[in-house]
Amino acid sequence: MTPGVGAALLLAAAAALPGCAVLSDPPQTAALRAAAPADLPPRAERDEVPFFPQTPLHCGPAALATVLADAGLPADLAAITDAVFLPAREGSLQIEMLGGARRQGAVATTLPGELTALLREVAAGHAVVVLLNLGLAIAPRWHYAVLVGYDLPAGELILRSGTERRAVLSLRTFEHTWARAGSWAIVVLPPGRLPITAQEADAVDAALGYGRIGAAPDAARAWAAVHRRWPGNLVAAMGLGNTRHAAGDLAGAASAFEAAARRHDSAAAWNNLASTRDSLGDRAGARAAAARAVERARAAEPQWLARALQTQRELDTEGR
């Protein structure tokens, strides 16, 4: 995909839709009109969200700068453009948008493809980057914008879009154009915060992506947020332990690994606990954890057996 068209297309988006589609509400809009969730405020708008008017083809960088600035993170539009804009494609791919956010110190989390998720994020105080196809499925015209408000009784959404600080689009038109772009949306936040509608797998993916380039203490905060919301997720528990260890917080790493080991009886967690306890000077505890890692690997997780045996041998050698 190569998003990168101007805000003027928002005004023409309805004209691009087939006549029969414009006359009827698409499914999510129809459901909202019929019965909006009782706990969702009927209106919300975040007028304080910054505005970065786009230059031609640069809707992606402008949208990303908007949400980064809103999150209190660096938002140098020129630097962001260099990072995410692909001249050969005349736009920015979603993967560049995610990577660009991470390089600016943000955790970028994909949202469920549901209108209610977007509205809940706005009501919670989060600006949302959305990808729209303002053309047709066979002749796409891609555009990034930032959702900052909605008015359910009026059936309208409010966006920072292109060169318009406050572009108003009907729910009906938005759903058509958003669905044709794959219903893709992200929330960009500092490490330690999560979108309220984030799903478990998407939050784990976001933390994994951030951890590849983020500083260890920040990555630990990202994993801690995921682990708090989904304490039963083994990947989050291991990510928390590994990033705490990398940040030099050995006691915190040991606590995370021990909780994961006892909850999941994971050979990997027992093995990491053994190594961390050894670094803390707890040789007896390290040997006990290593023994359990070997036992568990032999019984159910053979992919970890070689590593667990190596840790056990290293501990035995140190004790001589």
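The model shown is predicted, which means the values in this text are computed figures rather than measured ones.

Rules used throughout
Residues numbered from 1 in each chain as written. Predicted model: local features only at pLDDT ≥ 70, side-chain atom pairs only at ≥ 80, totals over all residues. Heavy atoms only, no water. Helix = DSSP H or I, 4+ residues; strand = E, 2+ residues; numbered from the N terminus. Buried < 20%, exposed > 50% of the residue type's maximum accessible area, 1.4 Å probe, protein only. Contact = heavy atoms within 4.5 Å. Areas by Shrake-Rupley, 256 points an atom, 1.4 Å probe, with all protein chains shown as cover. Lys, Arg positive; Asp, Glu negative; His and termini not counted. Charge placed at Lys NZ, Arg CZ, Asp CG, Glu CD. Salt bridge = Lys/Arg side-chain N within 4 Å of Asp/Glu carboxyl O. Expected span 1.5 Å × (residues − 1). Arc of directions from axis to C-beta. Axes fitted to C-alpha atoms, helices over the stretch in contact; angles between N-to-C directions. Parallel < 35°, antiparallel > 145°, perpendicular 65-115°, else oblique. Left-handed = near helix turned anticlockwise from the far one by under 90°. Phe/Tyr/Trp six-rings, centres within 6.5 Å; stacked < 30°, edge-to-face > 60°. Core = buried A, V, L, I, M, F, W, Y, C linked by side-chain atoms within 4.5 Å.

The helix and strand tally for the protein stands at 15 helices and seven strands. If you line up the protein on its principal axes, its C-alpha atoms span 80 × 45 × 35 Å. Within the protein, the proportion of its 320 residues that are buried is 51%. Long-range contacts, defined as pairs at least 24 residues apart, comprise 66% of the intrachain contacts of the protein with a sequence gap of at least 6. With an accessible surface of roughly 13,500 Å², the protein has 55% of that area assigned to carbon and sulfur atoms. The average position of the 30 basic charges and that of the 30 acidic charges among the side chains of the protein differ by 3 Å.

It is worth spelling out the pattern of salt bridges at this point. Counted under the stated rule, the structure contains 16 salt bridges. In this structure, Arg 166 engages Glu 45 in a salt bridge whose closest nitrogen and oxygen atoms are separated by 2.9 Å. In this pair, Arg 166 sits in strand 6 (residues 164–170) while Glu 45 sits in strand 1 (residues 43–45), placing the two residues 121 residues apart along the sequence. Between Arg 46 and Asp 70 there is a salt bridge whose closest N-O contact spans 2.7 Å. In this pair, Arg 46 sits in the loop between strand 1 and helix 4 (59–70) while Asp 70 sits in helix 4, placing the two residues 24 residues apart along the sequence.

What follows covers helix 15 (residues 305–318). Along its 14 residues, helix 15 runs 20 Å from first to last C-alpha, staying within 8% of the 20 Å computed at 1.5 Å per residue. Within helix 15 the residues assigned to the buried category are Ala 308, Thr 311 and Leu 315. Seen along its axis, helix 15 keeps its buried residues to an arc of 60°; they face one direction. Among the exposed residues of helix 15, those oriented more than 90 degrees off its buried face are Ala 306 and Arg 313. Among the structural elements, helix 13 (267–279) and helix 14 (283–299) are those in contact with the buried residues of helix 15.

Turning to the packing of helix 13 against helix 15, a few remarks are in order. For the pair helix 13 and helix 15, interaxial distance at closest approach is 10 Å and the crossing angle is 20°. By the angle between their axes, helix 13 is roughly parallel relative to helix 15. In the packing of helix 13 onto helix 15, the handedness of the crossing is left-handed. From helix 13, Asn 271, Ala 274, Ser 275 and Asp 278 reach across to helix 15, where they touch Arg 307, Ala 308, Thr 311, Leu 315 and Glu 318.

All right, on to the packing of helix 10 (residues 216–229) against helix 11 (residues 234–246) then. Running from N to C, helix 10 and helix 11 point in directions that differ by 155°, and their axes come no closer than 8 Å. Between helix 10 and helix 11, the interaxial angle falls into the category roughly antiparallel. Along this stretch, helix 10 crosses helix 11, giving a crossing that reads as left-handed. Together, Ala 216, Ala 219, Ala 220, Trp 223, Ala 224, Val 226 and His 227 of helix 10 and Val 235, Ala 236, Ala 237, Gly 239, Leu 240, Thr 243, Arg 244 and Ala 246 of helix 11 make up the contact between the two elements.

The subject of this paragraph is the packing of aromatic side chains. Under the counting rule described, the total for this entry stands at two aromatic pairs. When the centroid spacing of 6.0 Å and the interplanar angle of 65° are considered together, the rings of Tyr 144 and Trp 184 count as edge-to-face. Of the two residues, Tyr 144 sits in strand 4 (residues 142–151) while Trp 184 sits in the loop between helix 8 (171–179) and strand 7 (185–189), which places them 40 residues apart along the sequence.

In this section: unusual backbone geometry. Generally, phi is negative for residues other than glycine and the peptide bonds are trans, each holding for most cases. The phi dihedral of Ser 183 is positive, around 50°, even though this residue is not glycine. Mapped onto the fold, Ser 183 is located in the loop between helix 8 and strand 7. Looking at Ser 183, the relative accessible area reads 19%, which means it is buried.

Let us now look at the environment of Leu 189. Structurally, Leu 189 can be placed in strand 7. For the pair Leu 189 and Val 107, spaced 82 residues apart in the sequence, the C-alpha separation amounts to 5.5 Å. Discounting chain neighbours no more than four positions away, the residues touching Leu 189 are Ala 71, Leu 73, Ala 106, Val 107, His 126, Leu 194 and Pro 195.

Turning to the nonpolar core, a few remarks are in order. Judged by nonpolar contacts, the single largest core of 30 residues is most densely connected at Leu 64, Val 129, Tyr 144, Trp 184 and Val 188. Elements with a minimum of two residues in this core: helix 4, helix 5 (77–84), helix 6 (94–103), strand 3 (128–133), strand 4 and strand 7. Per element, the largest residue contribution to this core is seven residues, and it comes from helix 4. Every residue in contact with Leu 64, bar those within four places of it in the chain, is listed here: Ile 80, Val 84, Met 97, Gly 100, Ala 101 and Val 188. Of all hydrophobic cores here, the second largest spans 25 residues; its members include Leu 134, Tyr 150, Leu 157 and Val 187.

Nothing here speaks to function; it is all geometry.
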